[in-house]
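# Coordinate analysis (summary)
As a plain string of letters, each chain reads:
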Amino acid sequence: MTSLDSEIASLFIVGFHGKTPSPEVKELLARGVHGVILFARNVEDAVQVAELVAELKRLAGRPLLVAVDQEGGRVARLRAAQGFTELPPMRTLGDAGDETLAREVGALLGRELRAVGIDQDYAPVVDVDTNPANPVIGDRSLSRDPEVVGRLGAALAQGLQAEGVAACAKHFPGHGDTSQDSHRDLPRLPHDLARLRRIELPPFRALARAGVAAVMTAHVVFDALDPRRPATLSPEVMRLLRDEAGFQGCAVSDDLEMKAVAEHFPLEEAAPGALAAGVDALLVCHQAAVQHRAIDLVRAAVEDGRIPRARLAEARARVAGLLRFAGPPPSPSRVRERLRTPAHLALAARMGPLAAGRDPTA
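To keep things clear, this report deals only with the structure shown in the data block. Since the model is a prediction, treat every value here as computed from it, not as a measurement.

### Comments concerning the overall build of the chain
A count of helical and extended segments in the chain gives 13 helices and 12 strands. The globule rule puts the C-alpha radius of gyration for 362 residues at 21 Å, and the 19 Å found for the chain is close to it. In terms of its C-alpha atoms, the chain occupies a principal-axis envelope of roughly 55 × 50 × 35 Å. Residue burial in the chain is summarised as follows: out of 362 residues, 62% are buried. In the chain, of all internal contacts separated by at least 6 residues, the share reaching a separation of at least 24 is 78%.

Have a look at this one:
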């Protein structure tokens, strides 16, 4: 394996199948990926998660960032049934309007994720919920008011990061007004730049000022900026993130296997295109063959000069900054005493009825 190959692999976060490290993820760790994302398919209970994370980190033999989507409400991979404190949708925080509560909830999430060795939470959602017909955001959004979203999202991110877990503001530059789900379709928005500056961008500015560790891009086409490519593949949108939102940290793609990208852009365009556009870390969540091929395609684009070495160095530096959150292997023997504590349940109870641990799917 060449040095360049491991440099390219170090930009990737991958998912895998199973509740123990699969042969496929072991191979990707050996190739040099910097991160692993966990889904419900990887979770049995809290102790098993801690054992899994510990084994992944030992196999890597270097700082490894383990990530998860743990928002609350319908998007939470770790549930009460597995021994975690379950939270209602983040809209509950928005309705309360209390920054102190938002910061405390972020800290609760951070403590429970850190207990099982998870280093990054793909939260908070800072999309502004301006479209009641939106099939994918809705009550995942803190509010329909950009000021509320930015203020409470910043507090929640600060709470997470105070406990040593990297927060990730998503989905730039805004998924709140779409009427399609980018897991299934490629949404388009016709908003002009004045509208984006007024509604969608202020929360991301607020999170950038608050020091959020990462921002996730949206697989959404913004016609006024780039009518051909979704934000994840668009240099124009990525310049907006850096120049207008003021974010200089690690930009993470949403999953490149989502249909919004995979059914409209071949991997040959999507994987190198995201890095060339200004995305630093590439998320590929499901198939090992696609993960390896994405790494190969980016390496080829660097080798033939389509992606400048300076862009690769910039992305690697931003990923290295994110890796400061990568903690040591957790201790599974101490997990249960740190989850669903009386203080955590009391705090969750202040948000809503899900705090008692009721399974919302029951």
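### Side note on the packing of aromatic side chains
A full pass over the atoms with the stated rule returns one aromatic pair. For the pair Phe-172 and Phe-204, a centre-to-centre distance of 5.0 Å together with 85° between the ring planes defines the contact as edge-to-face. Residue Phe-172 is found in strand β7 (residues 166–172), and its partner Phe-204 is found in helix α7 (residues 193–209); the two are separated by 32 residues along the sequence. Each member of the pair, Phe-172 as well as Phe-204, carries the same accessibility label: buried.

### Re the packing of helix α2 (residues 23–31) against helix α3 (residues 46–60)
Running from N to C, α2 and α3 cross one another at 40°; their axes reach a closest spacing of 9 Å. Judged by the inter-axis angle, α2 sits oblique to α3. With respect to the hand of their crossing, α2 and α3 are arranged in right-handed fashion. Touching Val-25, Lys-26 and Leu-29 of α2 are Leu-56, Leu-59 and Ala-60, all from α3. The class makeup of the residues in the contact of α2 with α3 is five nonpolar, no polar and one charged.

### Details of the pairing of strand β2 (residues 35–38)
Taking every second residue as pointing to the same face, both faces of β2 are buried, with Gly-35 and Ile-37 on one and Val-36 and Leu-38 on the other. Note: strand β1 (residues 12–14) against β2, two bridges, orientation parallel. What sits directly across from Val-14, in β2, is Val-36. As judged from the four bridges shared by β2 and strand β3 (residues 65–68), these two strands associate in the parallel manner.

### Notes on the nonpolar core
The tendency in soluble globular proteins is for nonpolar side chains to be buried as a group. Core analysis: the biggest nonpolar cluster contains 122 residues, and Phe-12, Leu-38, Val-105 and Ile-118 have the highest contact counts within it. Considering each element in turn, this core owes the most residues, eight residues, to helix α6 (residues 146–162). Excluding residues within four positions of it along the chain, Phe-12 makes contact with Val-33, His-34, Gly-35, Leu-282, Val-284, Ala-294, Ile-295 and Val-298.

### Details of the environment of Ala-169
Mapped onto the elements, Ala-169 comes out in strand β7. Among the residues examined, Ala-169 registers a relative accessible area of 0% and is labelled buried. Spatially, the C-alpha atom of Ala-169 lies 5.8 Å from that of Ala-123, the residues being 46 residues apart in sequence. Setting aside anything within four residues of it in sequence, one finds Ala-169 in contact with Ala-123, Pro-124, Val-126, Phe-204, Leu-207, Val-212, Ala-214, Val-215 and Met-216.

### Things to note about the sheet that holds β1
In spatial order, the strands read β11-β9-β7-β6-β3-β2-β1-β12; together these eight strands make up an open sheet with parallel pairing. Either end of the sheet is taken by a strand with one partner, and the two such strands are β11 (250–252) and β12 (282–284). The strands that α7 touches are β7 and β9 (214–217); relative to β7, the one it contacts most, it runs at about 165°.

Thresholds, definitions, all that
Residues numbered from 1 in each chain as written. Predicted model: local features only at pLDDT ≥ 70, side-chain atom pairs only at ≥ 80, totals over all residues. Heavy atoms only, no water. Helix = DSSP H or I, 4+ residues; strand = E, 2+ residues; numbered from the N terminus. Rg over C-alpha atoms; globule rule 2.2 N^0.38 Å. Buried < 20%, exposed > 50% of the residue type's maximum accessible area, 1.4 Å probe, protein only. Contact = heavy atoms within 4.5 Å. Phe/Tyr/Trp six-rings, centres within 6.5 Å; stacked < 30°, edge-to-face > 60°. Axes fitted to C-alpha atoms, helices over the stretch in contact; angles between N-to-C directions. Parallel < 35°, antiparallel > 145°, perpendicular 65-115°, else oblique. Left-handed = near helix turned anticlockwise from the far one by under 90°. Nonpolar A, V, L, I, M, F, W, Y, C, P; charged D, E, K, R; others polar. Pairing = 2+ DSSP bridges. Core = buried A, V, L, I, M, F, W, Y, C linked by side-chain atoms within 4.5 Å.

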